Amino acid sequence: MDRHIRTVDDVLRLLDGLFAPDADRWSERGASWWDGFYADRSKPVPFFVAKPDENLGSYLDRGLIQAGGRALDLGCGPGRNAVHLAAHGFEVDAVDLSPAAVDWARERCRDEGVEATFHCGDAFALAGKELAGPYDLVYDSGCFHHLPPHRRVSYLALLDQVLAPGGHFALTCFAAGEMGSELSDADFYREARLHGGLAYTDESLRGIFSDLTEVELRRMRDEPQGSASFGERFLWTALFRRDMT
């Protein structure tokens with residue numbers, strides 16, 4: 001008999017194991033899948049471009065977040081937002097599961113003459129260690145929607161651990177009706193797959209992050225090919241603030 005469950009972490013790992021191994025995009029066993037995804041840099045993948053998210057630029061331009069301070073880029077991929085943050089004076093930690101993505105991100109930093117610290121691994125395991133915080137900004141462009149429902153618990157715990165009082169959390173994720181699966185949370189476990197990522201409504205995001213104060217929640221603006229920013233309408237952009245107390 002297998003009777004080893006005694007902690008929340010034990011439950012989370014058990015739920016991880018209910019998904020087919022090749023469906024995992026959120027733990028270290030999914031790193032090889034992401035390495036394959038990033039292997040061909042010439043693929044016409046929208047977020048392979050060396051441009052920051054339009055909402056990130058907008059937050060800085062409008063003073064919704066202040067340049068400088070410490071920033072954590074979750075699921076940094078090829079580093080386009082980490083580069084932008086570093087160029088605006090942030091001390092940047094960036095993390096991704098994929099060694100191929102991290103290598104590409106480091107190259108982009110060197111090419112742009114900026115500095116950021118990149119970590120390869122599971123952000124949940126690294127929180128409070130290599131990703132020590134407190135961070136004035138936690139930025140996530142496309143990581144959250146690849147998590148299974150139970151890992152929202154881990155995600156909120158990470159924010160609680162590393163986000164500074166008064167700090168900001170910014171997110172882009174799949175918008176329901178545009179991109180991502182709209183199955184119920186329970187059905188993902190019945191099918192043992194995430195079908196490319198989870199779609200969210202604005203109200204579901206408000207509910208999940210209800211311990212934070214909403215600053216702005218809107219659809220990402222479409223950006224033309226010649227723009228200096230990345231923008232696709234199938235994404236939500238959200239900015240929240242942690243209260244000082």
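Being a predicted model, the structure only gives us computed values, none of them experimental. (Residues numbered from 1 in each chain as written. Predicted model: local features only at pLDDT ≥ 70, side-chain atom pairs only at ≥ 80, totals over all residues. Heavy atoms only, no water.)

As for its position among the elements, D96 is in strand 2 (residues 91-96). Not counting residues up to four positions away in its chain, the partners in contact with D96 are G75, C76, G77, A101, V102, H119, C120 and G121. One polar contact links the side chain of D96 to the main-chain amide nitrogen of C76, over a distance of 3.4 Å. (Helix = DSSP H or I, 4+ residues; strand = E, 2+ residues; numbered from the N terminus. Contact = heavy atoms within 4.5 Å. Polar contact = N/O pair within 3.5 Å; in protein donor to acceptor, adjacent residues only side chain to side chain.)

Pairing between side chains of opposite charge can happen when their charged atoms approach one another. Inspection of the entire model under this criterion finds 19 salt bridges. E178 is paired through a salt bridge with R219; the nearest N and O atoms lie 3.2 Å apart. Taken together, the residues E178 in the loop between strand 5 (163-174) and helix 8 (185-191) and R219 in strand 6 (residues 213-219) connect sequence positions 41 residues apart. E178 gets classed as partly exposed once you look at its relative accessible area, which sits at 47%. Taking the shortest distance from any N to any O, the salt bridge between R206 and D202 comes out at 3.4 Å. Taken together, the residues span about one helical turn, with R206 and D202 both in helix 9 (residues 202-208) at a distance of four residues. When its relative accessible area of 26% is taken as the criterion, D202 is described as partly exposed. When salt bridges that share partners are traced, they join E54, R62, E216, R218 and R221 into one network. (Salt bridge = Lys/Arg side-chain N within 4 Å of Asp/Glu carboxyl O. Buried < 20%, exposed > 50% of the residue type's maximum accessible area, 1.4 Å probe, protein only.)

Turning to unusual backbone geometry, a few remarks are in order. G133 connects to P134 through a cis peptide bond whose omega is -5°. Looking at the element boundaries, P134 is found in the loop between helix 6 (123-126) and strand 4 (135-141). Positive phi values are uncommon outside glycine, yet A192 reaches one of about 65°. Counting through the fold element by element, A192 comes out in the loop between helix 8 and helix 9. Of note in the backbone geometry, H195 takes a positive phi value of approximately 55° without being a glycine. Inspection of the secondary structure puts H195 in the loop between helix 8 and helix 9. On the basis of relative accessibility, which here comes to 43%, the residue H195 falls in the partly exposed class.

With 34 residues, the main nonpolar core has F169 and F209 as its most contacted residues. Only strand 1 (70-74), helix 6, strand 4, helix 7 (151-162), strand 5, helix 9 and strand 7 (235-241) provide two or more residues apiece to this core. If we ignore the near neighbours within four places in the chain, the residues touching F209 are F144, Y155, L156, L159, F169, L171 and F240. Counting 22 residues, the second largest nonpolar core, distinct from the first, contains Y59, A71, F90 and F118. (Core = buried A, V, L, I, M, F, W, Y, C linked by side-chain atoms within 4.5 Å.)

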